[in-house]
Amino acid sequence: MARTPSPRRVAVTGAALLTPVGNDLETSWQSLLAGRCGIGPITRFDATGLKTTIAGEVKGFDPEKYLDKKAARRFDPFVQYAVAAGKMALADSGLVIDETLAPQVGCAMGCGLGGLATIEANHETLLKRGPDRISPFFIPMMIGNMAPGQVSIELGLKGPNLLTSTACAAGTHAIGLAFHQIRDNGYLAMLAGGAESVITPLTVAGFNALKALSTRNDDPARASRPFDKDRDGFVIGEGSGLLLLEEWEHAQRRGAKIYAEVAGFGASGDAYHMTAPPESGEGAISAMKAALDDAAGLGVTLADIGYINAHGTSTELNDIIETRAIKNVFGDLAPKLAISSTKSMTGHLLGAAGGVEAVITALALKHGLIPPTINLDAPDPACDLDYVPHHSRRADLQAALSNSFGFGGTNGCLVLKKAA
């Protein structure tokens, strides 16, 4: 059932991307529009012996641009990425946090696996050098909530400080929580999105054991191929994507630029399987419908949705079942939708994916441009919708949907609408 209109609307007034295709918002966005792929051979460690030796790494990142040298050494890369994106998003918004505003501004972030690189390194130290050589920073370095925690410390945010750890839906869930903090709980603004950095031997070996990763090691730029019949698994990526959400009237009063409006959020559970969605797509259908019902309170109709940033992982089950779910929700309108998976260029950023893809969705609405699904050379016959293959597309978009689905059967969807 559609909710009644709320007097508090939520604007997107700041955005940041730190991804395998760029270390800032504009570089990442232009790379995505150009169809550039950020996937290549793993350089973080010697991947010899692993079935998968490719990943979407962040390249040339200098944490000391955002943290002092001593502090940078104390944080796992996922926290470094979160702080960098947090500072970029806040600067982009133009919002100044003073003592009056600080209690009204918070941070909600998603992270799927936390500081696995730190865990692996300290476990090796334990085995080789003994317990007395474990870093005193080990625990705070690796816990997931250090991402929103350190962002809040660095920026002086004294409002809600929240972490979602809901696998690959974590970033989307964090934005949904932040949306509710402003719309329903009276807070002024929230930084929201996700951060992840788990390109490590254990992570890659673990996903290989699940047979979840692509092994197209000799052709990394073509390895992530959502909706293509020759897809053979996802490619792990890393980075961060954050939005600055702000109460609409406050944003307008201070003359902020507005990328888009967050209109609705929906979540659901499959209650089906640890890693596989139900063939019916029931959970994805429920989450999309819940988000659309929520957005109906702002007058968004099914026909207003012109673009979906798909979860689109490049795995056999996800791509078919997500397509099936979209058809169920949109019916006769489904063939008219533009759908793309930007994971074809970034890889799958796990807990950060929803944050990155929500930023991309907001940019698509603001600029009237849809990034493509690259590597879609031979569409799977079961994936027969318009996935914007190969090239970006200009479109007059009124509203858009961003989908995220995760292990454990956890689903999250956001509806964003054009600023008006």
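As shown above, the structure is provided for reference.
Novice: Break down helix H3 (residues 77-93) for me, with residues and values.
Specialist: Given a rise of 1.5 Å per residue, 17 residues ought to cover 24 Å, and the 24 Å separating the end C-alpha atoms of H3 matches this to within 8%. Across the 17 residues that make up H3, a large majority, 13, are buried. Downstream of H3 by one or two residues, Gly 94 has phi in the positive range, about 75°.

Novice: Can you break down the sheet that holds strand S10 (residues 338-340) residue by residue, with the values?
Specialist: The sheet built from 10 strands is open, its strands ordered S5-S4-S6-S7-S1-S8-S14-S13-S9-S10 with mixed pairing. Of all strands in the sheet, those bounded by a partner on one side alone are strand S5 (161-164) and S10. On average, each strand axis in the sheet is tilted by 25° relative to the strand beside it, whichever way the strands run. Pairing analysis gives 8 bridges linking strand S13 (residues 399-406) to strand S14 (residues 410-418), with the strands arranged antiparallel. In the strand pairing of S14, Asn 403 is matched with Cys 413. Sheet strands in contact with helix H11 (residues 316-330) are strand S9 (305-309), S10 and S13, and its direction is about 140° off that of S13.

Novice: Please provide a residue-by-residue account of unusual backbone geometry, values included.
Specialist: A positive phi angle is found at Ser 314, which is not glycine, with a value near 80°. Residue placement: Ser 314 occurs in the loop between S9 and H11. Positive phi values are uncommon outside glycine, yet His 390 reaches one of about 75°.

Novice: A description of the state of the cysteines should follow, citing residues and the corresponding values.
Specialist: According to the stated counting rule, one finds 0 disulfides in the structure shown. For Cys 111, which is in no disulfide, the shortest distance to another cysteine sulfur is to Cys 168 and amounts to 11 Å. Just so you know, Cys 383 is unpaired, no disulfide at all, and the nearest cysteine sulfur is the one on Cys 413, 17 Å from it.

What counts, and where the lines are drawn
Residues numbered from 1 in each chain as written. Predicted model: local features only at pLDDT ≥ 70, side-chain atom pairs only at ≥ 80, totals over all residues. Heavy atoms only, no water. Helix = DSSP H or I, 4+ residues; strand = E, 2+ residues; numbered from the N terminus. Expected span 1.5 Å × (residues − 1). Buried < 20%, exposed > 50% of the residue type's maximum accessible area, 1.4 Å probe, protein only. Pairing = 2+ DSSP bridges. Axes fitted to C-alpha atoms, helices over the stretch in contact; angles between N-to-C directions. Contact = heavy atoms within 4.5 Å. Disulfide = S-S within 2.5 Å.

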